[in-house]
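Here is what each chain is made of, one letter per residue.
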Amino acid sequence: MLEENIAFGVLAAASTVAALRLVTTKNVVHAALYLVVVLSSVGALYVLLFAEFVAVAQILVYVGAVVVLFLFGVMLTRAQIGRSNDLDNDQRWIGGVVALMLLGVLTFALVDYYEDEKLPELSESSAQITAERGTRAVGDSIFSDFIVPFEAVSVLLLAALVGAIVLARRD
């Protein structure tokens, strides 16, 4: 149990630091690479939750496809590779205030809903957890109940790729 808590702390810290650097960097390529760190650490957190399928899907879809698509779009649109002051604006304080307000509302909503409930002890083995929420259950859910949103995301990624090519081509 102690090892899991330490792993969670390390992954949460890495994700938080990378997320802060993601939104504060002035280099587009570095921002995409910080996004890789954030999404990879979220995938590792899914492994800690015994959700291996979701972790692999997180790595394959988000890190493998979306970030590559971002980098592909950056390269095709000939964005400035180095530091760019155009990536920043004067609305940081407003964004910070809105983020703190959102944190307050979410905290209030979670505390109000769950109040004094405690998390159940995990007395069952990881095999039982995997049988109930494992790869087969997630796969059945994705390819039966959620097939339309799954395919909509595929079309959205394809449209983004085609859009990047259209923006980058010379007429």
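Residues numbered from 1 in each chain as written. Predicted model: local features only at pLDDT ≥ 70, side-chain atom pairs only at ≥ 80, totals over all residues. Heavy atoms only, no water.

All right, on to a nonpolar patch on the surface then. Side chains of Val56, Leu60, Val61 and Tyr62 sit close together on the surface and give an oily, nonpolar patch of about 370 Å² of accessible area. Secondary-structure assignment places leucine 60 in helix H3 (residues 52-76). By relative accessible area, which is 59% here, leucine 60 ends up exposed. (Patch = residues over 30% accessible without salt bridge, like charges linked within 9 Å, V, L, I, M, F, W, Y side chains within 5 Å. Areas by Shrake-Rupley, 256 points an atom, 1.4 Å probe, with all protein chains shown as cover. Salt bridge = Lys/Arg side-chain N within 4 Å of Asp/Glu carboxyl O. Helix = DSSP H or I, 4+ residues; strand = E, 2+ residues; numbered from the N terminus. Buried < 20%, exposed > 50% of the residue type's maximum accessible area, 1.4 Å probe, protein only.)

Attention shifts here to the packing of helix H1 (residues 2-24) against helix H2 (residues 28-48). Put simply, H1 and H2 touch, their axes get as near as 8 Å, and they point 160 degrees apart. Looking at the two axes, H1 sits roughly antiparallel to H2. Of the two elements, H1 crosses H2, and the hand of that crossing is left-handed. Seen from H1, the contacting residues are Glu4, Ala7, Phe8, Leu11, Ala14, Ser15, Ala18, Ala19, Arg21 and Leu22; seen from H2, they are Ala31, Tyr34, Leu35, Val37, Val38, Ser41, Val42, Ala44, Leu45 and Leu48. (Axes fitted to C-alpha atoms, helices over the stretch in contact; angles between N-to-C directions. Parallel < 35°, antiparallel > 145°, perpendicular 65-115°, else oblique. Left-handed = near helix turned anticlockwise from the far one by under 90°. Contact = heavy atoms within 4.5 Å.)

Along the polypeptide, glutamine 58 turns up in helix H3. Reaching out from glutamine 58, the side chain makes a polar contact with the backbone oxygen of leucine 39 at a distance of 3.2 Å. Excluding its chain neighbours within four sequence positions, the residues that come into contact with glutamine 58 are Leu39, Val42, Gly43, Tyr46 and Val63. (Polar contact = N/O pair within 3.5 Å; in protein donor to acceptor, adjacent residues only side chain to side chain.)

Before going further, it helps to spend a moment on H2. Taking 1.5 Å of rise per residue, 21 residues should cover 30 Å, and H2 covers 31 Å from first to last C-alpha, within 8% of that figure. Buried residues of H2: Ala31, Ala32, Leu35, Val38, Leu39, Ser41, Gly43 and Leu45, and no others. Elements in contact with the buried residues of H2: H1 and H3. The N-cap residue of H2 is asparagine 27: its side-chain oxygen and the backbone nitrogen of valine 29 are 3.0 Å apart. In the stretch just after H2, phenylalanine 50 is the one whose phi turns positive, near 60 degrees. (Expected span 1.5 Å × (residues − 1).)

In total, this model carries one aromatic pair according to the counting rule given. Plain terms: the ring middles of tyrosine 113 and tyrosine 114 are 4.8 Å apart, the flat faces sit at 85 degrees to each other, and that makes the pair edge-to-face. (Phe/Tyr/Trp six-rings, centres within 6.5 Å; stacked < 30°, edge-to-face > 60°.)

This brings us to the side chain of asparagine 27. Here asparagine 27 is to be found in the loop between H1 and H2. According to the relative accessible area criterion, asparagine 27 is buried, its value standing at 11%. Here valine 29 takes part through its backbone nitrogen, which lies 3.0 Å from a polar atom of the side chain of asparagine 27.

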